[in-house]
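# Understanding the architecture of this molecule
Residue strings, one per chain:
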Amino acid sequence: MNAYTLAKERYAALGVDTEAVLETLKNVTVSVHCWQGDDVVGFDAKEALSGGIQTTGNYPGKATTPEQLMADFDEVLRLTPGKKKLNLHASYAIFEDGEFADRDAIQPKHFSRWVAYAKERGLGIDFNPTFFSHSMVKDGLTLSSPDETVRKFWVEHGKRCMEIAEYFAEETSKPCVINFWIPDGYKDYPADRLSPRRRYAQSMDEILSVPYDKTKVFPCIESKVFGIGLEAYTVGSAEFCTNYVNTRRITPLMDNGHYHPTELVSDKISSMLLFNDRLALHITRPMRWDSDHVVLFDDETKEIAKEIVRCGGLSGRVKIALDYFDASINRIGAWVTGFRNVQKALLFALLQPTEELTKLQNEQDFTSLMIRAEELKTMPFGDVWTEYCKEQNVPADDMAWLSEIKKYENEVLLKR
């Protein structure tokens, strides 16, 4: 009797059908961010990162061309199980034959190569307007700027991105989540907190006034607690974004690095799903602040996954995406590690006997609830993970896929 068969029997004794779990997991889509592969540089400018975005490290082999980034992304696809989408920033527009369009003039054609890439691999595409690393970010402000020239430039960028998002949805036949995040804020205490937020809301209203198919394009707005150089005041605070999405009936997006260190996104998911049709997540790993470390199989990642499962989020209501970037280690290794850990967390959550645990809670039997939850931590989860990877035809053993990455590094990355 092999290890998976034994694990299957042990979980069955808890009322958990591992075969049904694996069938569910293989149909869960996770949106994989393109920007881990090139340190969030993109292809539309060569300016240094700005707007609260920062990468550290200079590990060799960074992708510098679309061809390199696509090849590296293929390695990620090859080494990870489950369904994926490609998550792009607007700064990854690809210009052909010397053409260039600034961000207020980008068009669907500038992303046609990404569409071809995604369609060949059966991927959907999610999208993010890029409100950073650009000369029109004036004094740290974009959509909330008091300078109408600046504000109008970024409003037009947002409108162009809405058009591109619908293009992605139509071409791939998969809905596109388009996420708006701006870096706007102030380093020290402002004299006027209200007006920037009023301008931000006005700008978003203008962007969302463009016609779009609400069954194909899901606009989101993402909050943040603070950023580098924006320590005192962030225009797009959690309260602003929550109220905006609820009054405009669009989708909230929560990044678990964008809150105070004592706040947990896992605790917020149930509340958001209670009052919203959909919820989008950027899963990352904050270390002391929004540092976007590679996602680990840690407590908060597991708790986020448990809440997604327990709240019925896998029915399509929760849109899961990754958002991290580390330039100090092999970038493909970072990509693959984070994605596989989100998959592990979802599997761990699906293997919980949720109905039994809920029954114990409702019976006020918190002693049994605690003990049962602790026992689950030592169940043979790893054997079910191995079976899942085997069914998905990807390496299960970390050392096996690490050797694949090292081989690719020696043959491709180190020669760039």
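What you see is a predicted model, and the numbers here were worked out from it, not measured in a lab.

With that settled, the discussion passes to the pattern of salt bridges. By the definition in use, this model includes 27 salt bridges. A salt bridge links Arg 113 to Glu 67, with the nearest nitrogen and oxygen atoms 2.6 Å apart. Within this pair, whereas Arg 113 is found in helix α4 (residues 112–120), its partner Glu 67 is found in helix α3 (residues 66–79), the two being separated by 46 residues in sequence. Classification of Arg 113 by relative accessible area gives partly exposed; the value is 27%.

With that settled, consider the nonpolar core. Within the largest apolar cluster, 124 residues are counted, with the highest numbers of intra-cluster contacts made by Leu 88, Trp 114, Phe 127, Phe 168 and Leu 281. Per-element accounting of this core gives the leading share, twelve residues, to helix α10 (residues 331–350). In this structure, Val 177, Phe 218, Cys 220 and Ala 280 belong to the second largest nonpolar core, which totals five residues.

This part covers unusual backbone geometry. Even without a glycine there, the phi angle at Asp 39 is positive, about 65°. Locating Asp 39 in the fold gives a position in the loop between β1 (29–33) and α3. According to the relative accessible area criterion, Asp 39 is buried, its value standing at 7%. Phi at Ser 173 takes a positive value of approximately 60°, unusual for a residue other than glycine.

Counting through the fold element by element, Ser 112 comes out in helix α4. For the pair Ser 112 and Ala 93, spaced 19 residues apart in sequence, the C-alpha to C-alpha distance is 9.0 Å. Within the local environment of Ser 112, its side chain forms a polar contact with the backbone oxygen of Lys 109, the two atoms lying 3.0 Å apart.

Once that is clear, we can look at the environment of Ala 349. Note that Ala 349 resides in helix α10. Judged by relative accessible area, Ala 349 falls into the buried class, the value being 3%. The spacing of Ala 349 and Ile 304 is 45 residues in sequence and 9.0 Å in space, taken between C-alpha atoms. The residues contacting Ala 349, other than those within four sequence positions of it, are Ala 305, Lys 306 and Val 309.

This part covers the packing of helix α2 (residues 18–25) against helix α13 (residues 381–391). Between α2 and α13, the shortest axis-to-axis distance is 11 Å and the interhelical angle comes to 50°. The angle between α2 and α13 falls in the class oblique. Crossing of α2 against α13: the hand is right-handed. Only Val 384, Glu 387, Tyr 388 and Glu 391 of α13 make contact with α2, whose side of the interface consists of Thr 18, Glu 19, Leu 22 and Leu 25.

With that settled, consider the packing of aromatic side chains. Per the stated rule, a full pass over the model turns up 21 aromatic pairs. Between the aromatic rings of Phe 73 and Tyr 117, the centroid separation amounts to 6.3 Å while the plane-to-plane angle is 70°, which identifies the pairing as edge-to-face. Of the two residues, Phe 73 sits in helix α3 while Tyr 117 sits in helix α4, which places them 44 residues apart along the sequence. The exposure classification of Phe 73 matches that of Tyr 117, with both residues buried. With a centroid separation of 6.1 Å and 15° between ring planes, the pair formed by Phe 240 and Tyr 244 is classed as stacked. On the criterion of helical spacing, the pair formed by Phe 240 and Tyr 244 is a turn pair, its members being four residues apart in helix α7 (residues 238–248). The burial state of Phe 240 is the same as that of Tyr 244; both residues are buried. Aromatic rings pair up to connect Phe 73, Trp 114, Tyr 117 and Trp 335 into one cluster. Seen from the ring of Phe 218, Arg 278 lies directly overhead, with NZ or CZ sitting 3.8 Å from the centre. Above the ring of Phe 297, the side-chain terminus of Lys 302 is found at 4.8 Å from the ring centroid.

Analysis parameters
Residues numbered from 1 in each chain as written. Predicted model: local features only at pLDDT ≥ 70, side-chain atom pairs only at ≥ 80, totals over all residues. Heavy atoms only, no water. Salt bridge = Lys/Arg side-chain N within 4 Å of Asp/Glu carboxyl O. Helix = DSSP H or I, 4+ residues; strand = E, 2+ residues; numbered from the N terminus. Buried < 20%, exposed > 50% of the residue type's maximum accessible area, 1.4 Å probe, protein only. Core = buried A, V, L, I, M, F, W, Y, C linked by side-chain atoms within 4.5 Å. Polar contact = N/O pair within 3.5 Å; in protein donor to acceptor, adjacent residues only side chain to side chain. Contact = heavy atoms within 4.5 Å. Axes fitted to C-alpha atoms, helices over the stretch in contact; angles between N-to-C directions. Parallel < 35°, antiparallel > 145°, perpendicular 65-115°, else oblique. Left-handed = near helix turned anticlockwise from the far one by under 90°. Phe/Tyr/Trp six-rings, centres within 6.5 Å; stacked < 30°, edge-to-face > 60°. Lys NZ or Arg CZ within 6 Å of the ring centre and 35° of its normal.

Such coordinate-based values are descriptive only and should not be taken to indicate function.
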